[in-house]
Amino acid sequence: MCGVFGIFDHPEAANLTYLGLHALQHRGQESAGLVSNDGGMLHGVRAMGHVRKIFTRELLDQLPGRIAVGHVRYTTAGGSLVKNIQPLTAQFRGRSIALAHNGNLVNEAPLRDELERQGAIFTSMSDTEVVLQLMARSGHASVLEQLGDALDQIQGAYSFVITTEDKLIAVRDPYGFRPLVLGRLRSHPGSWVVASETCAFDLIEAEFVRDIEPGEILVIDASGPTRVVRPPQPRRFCVFEHVYFARPDTVLDGVSVYEARVAMGEQLAIEHPVDADVVIPVPDSGVVAALGYARKSGIPFEMGLIRNHYVGRTFIEPMDSIRHFGVRLKLNAVPQVVAGKRVVVVDDSIVRGTTSRKIARLVRNAGAREVHVRISSPPVNGPCHYGIDTPTRAELVASSHSIDEIARSIEADSLGYLSPEGLRAAVRERPGFGYCDACFTGNYPIRPTAGAGRRALRIVEV
Ligand code: AMP
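Residues numbered from 1 in each chain as written. Predicted model: local features only at pLDDT ≥ 70, side-chain atom pairs only at ≥ 80, totals over all residues. Heavy atoms only, no water.

Enquirer: Help me understand the domain arrangement of the chain in this model?
Expert: A common way to express how large an interface is: the accessible area buried when the components associate. Its domain assignment divides the chain into domain 1 (3-236) and domain 2 (256-427). Using C-alpha coordinates to define each centre, domain 1 is positioned 34 Å away from domain 2. (Domains from an automatic or database assignment.)

Enquirer: Help me out: how do you make sense of the site of the ligand in this one?
Expert: Around the ligand, 16 residues are found, and the nearest of them are Asp347, Asp348, Arg352, Gly353 and Thr355. In the environment of the ligand, an oxygen atom lies 2.7 Å from a nitrogen or oxygen atom belonging to the backbone of arginine 352. Isolated, the ligand exposes 500 Å² of accessible area, and the fraction of that covered by the protein chains is 96%. Every element with two or more residues in the shell around the ligand is listed here: helix H8 (239-245) and helix H13 (354-365). (Near = heavy atom within 4 Å. Polar contact = N/O pair within 3.5 Å; in protein donor to acceptor, adjacent residues only side chain to side chain. Areas by Shrake-Rupley, 256 points an atom, 1.4 Å probe, with all protein chains shown as cover. Helix = DSSP H or I, 4+ residues; strand = E, 2+ residues; numbered from the N terminus.)

Enquirer: Please explain the packing of aromatic side chains as it appears in this structure.
Expert: What describes a pair of aromatic rings is the distance from one ring centre to the other and the angle between the planes of the rings. Counted by the stated rule, this structure contains nine aromatic pairs. Considering the side-chain rings of tyrosine 18 and phenylalanine 55, the 6.0 Å spacing of their centres and the 70° angle between planes classify their relative orientation as edge-to-face. Here phenylalanine 55 lies in the loop between helix H2 (51-54) and helix H3 (57-61) and tyrosine 18 lies in helix H1 (residues 13-23), a separation of 37 residues in the sequence. For phenylalanine 55, a relative accessible area of 3% puts it in the buried group. With 6.1 Å between their ring centres and 45° between their planes, phenylalanine 240 and phenylalanine 440 make a pair best called tilted. In this pair, phenylalanine 240 sits in helix H8 while phenylalanine 440 sits in helix H17 (residues 438-441), placing the two residues 200 residues apart along the sequence. The pair formed by phenylalanine 240 and phenylalanine 440 is uniform in burial state, with each residue classed as buried. The structure contains a cluster of three or more aromatic residues connected by ring pairs, namely Tyr175, Phe177, Tyr386 and Tyr444. (Phe/Tyr/Trp six-rings, centres within 6.5 Å; stacked < 30°, edge-to-face > 60°. Buried < 20%, exposed > 50% of the residue type's maximum accessible area, 1.4 Å probe, protein only.)

Enquirer: For this particular structure, what's the right way to read the packing of helix H4 (residues 108-117) against helix H5 (residues 127-136)?
Expert: Packed helix pairs are specified by the crossing angle of their axes together with the interaxial distance, meaning the distance between the axes. Put simply, H4 and H5 touch, their axes get as near as 10 Å, and they point 45° apart. By the angle between their directions, the pair H4 and H5 is classed as oblique. Seen along the crossing, H4 lies across H5 with a hand that is left-handed. Along its contact with H4, which presents Glu108, Leu111, Arg112 and Leu115, the element H5 presents Asp127, Val130, Gln133 and Leu134. Of the residues in the contact of H4 with H5, the class split is four nonpolar, one polar and three charged. (Axes fitted to C-alpha atoms, helices over the stretch in contact; angles between N-to-C directions. Parallel < 35°, antiparallel > 145°, perpendicular 65-115°, else oblique. Left-handed = near helix turned anticlockwise from the far one by under 90°. Contact = heavy atoms within 4.5 Å. Nonpolar A, V, L, I, M, F, W, Y, C, P; charged D, E, K, R; others polar.)

Enquirer: What should I look at first to understand the sheet that holds strand S7 (residues 159-164) in this one?
Expert: The strands making up a sheet are joined through hydrogen bonds of the backbone, oriented either antiparallel or parallel. Spatial strand order, S5-S6-S7-S8-S12-S13: six strands in an open sheet with antiparallel pairing. The open sheet terminates on both sides in strands that have one partner only, identified here as strand S5 (88-92) and strand S13 (224-229). On average, each strand axis in the sheet is tilted by 20° relative to the strand beside it, whichever way the strands run. On top of the sheet, H5 reaches S5, strand S6 (95-102) and S7; it is set at about 15° to S5, its chief contact. (Pairing = 2+ DSSP bridges.)

Enquirer: Please explain the sheet that holds strand S20 (residues 342-347) as it appears in this structure.
Expert: Pairing within the open sheet is parallel, and its four strands lie in the order S17-S20-S21-S22. Of all the strands in the sheet, just strand S17 (278-281) and strand S22 (414-417) have a single pairing partner and so form its edges. Across the sheet, the mean angle separating the axes of adjacent strands is 20° when strand polarity is ignored. Where strand S21 (residues 370-375) meets S22, four bridges bridge the pair, whose relative direction is parallel. Each residue of the ladder has a partner; that of isoleucine 375, found in S22, is tyrosine 417. Contacts between helix H9 (residues 257-271) and the sheet are confined to S20, S21 and S22, with S22 contributing the most and set at about 125° to the helix. The sheet strands contacting helix H10 (residues 287-297) are S17, S20 and S21, and the helix crosses S17 at an angle near 165°.

Below is the structure:
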């Protein structure tokens, strides 16, 4: 769960990257980093916290150069340590390189073991550092060939944005698990931008050019963009990006997240109708699907839950105590909307089940006569190995409970989940545009490979 951004050839590269990271903040709120490239010399800022807190005018002024890459991070591999904040930077063979990664490698552990056997010293627990180490050990002299060597060895989910020498490089893994898009600035047509989501382009007034294709390496330098396409696998774009993760104003692989969520809600109303007086979303994650549910069912849509926008996304905080406390801190029910009513509450997913229970209680305590929970995705019953933060199988309520049991445990009068087929239709699965839905179906496109266990190096930098 991360967001990446890169820009090529703009006098305010760092400023625009800062804006791009703002638009991608929902993809990771634990740390952020920005590295600018001034004629091959890299300048970077990396810190824990939100984009708006980290980057001051003074800091941005210290990031010269016409190329920049940035990253927002939520830990999926490596733990939340300052050392792991991206973009990672390294120096080898007389050049500096910065790399920002969204995704998760599935064979990081055996690669790391092998590199350590060869004498490599790692400074972070991040799977991304393995890529830099593989590049440094390549027998080739050119960056592109070094990158090619590394890509031949890594497996898993990766959307990379890299800068080195006079280049910006964008890479998407052969399955296309995570998104990556190419755009160019309207005001400076020579300025190319790469980002996890199109919403970052809207903010900086860049036009969307196209998706980076699965298996593609796009190199942008003074002669413009050049693409190298490695053999793609059948496309397995992450369906959870549409369900929860991406912003609704983003278009992913040609499908609008907003339209997909409306379609999920409509399909949910067809699959799990209920006699009710009002449909309310869990804000913000359930809003668009609830609109679809209300539209299809003809039941009025109201905002029966109000979110306090000044507390972060609760789930994003890795500490258990904060997450449980967070639901109350974050949401409140409106008795004027729900009292005496049969209420349909729509959310995007149930993971551990704690949020839904608290919400059902909130709505009932505000006077609802019945609480019917509708979820715009199937039961999550397996962990994600490709970059979405899901807990272990044991913590996933659907991995060990039937839907009736979950309904009882969240104290709902009824519970309905969207079917996997309904979800696939909503995201317009079509030949050549397949999805990874392993967290729902257990169909993992690639399995992780174990390595020797290791102890994390814990350094706190202040
Ligand atoms: P839970 O209490 O674990 O069932 O949390 C479910 C809530 O967390 C839902 O409202 C989702 O919108 C949200 N959610 C689902 N998956 C994730 C994720 N990977 N990261 C952050 N929030 C999530």
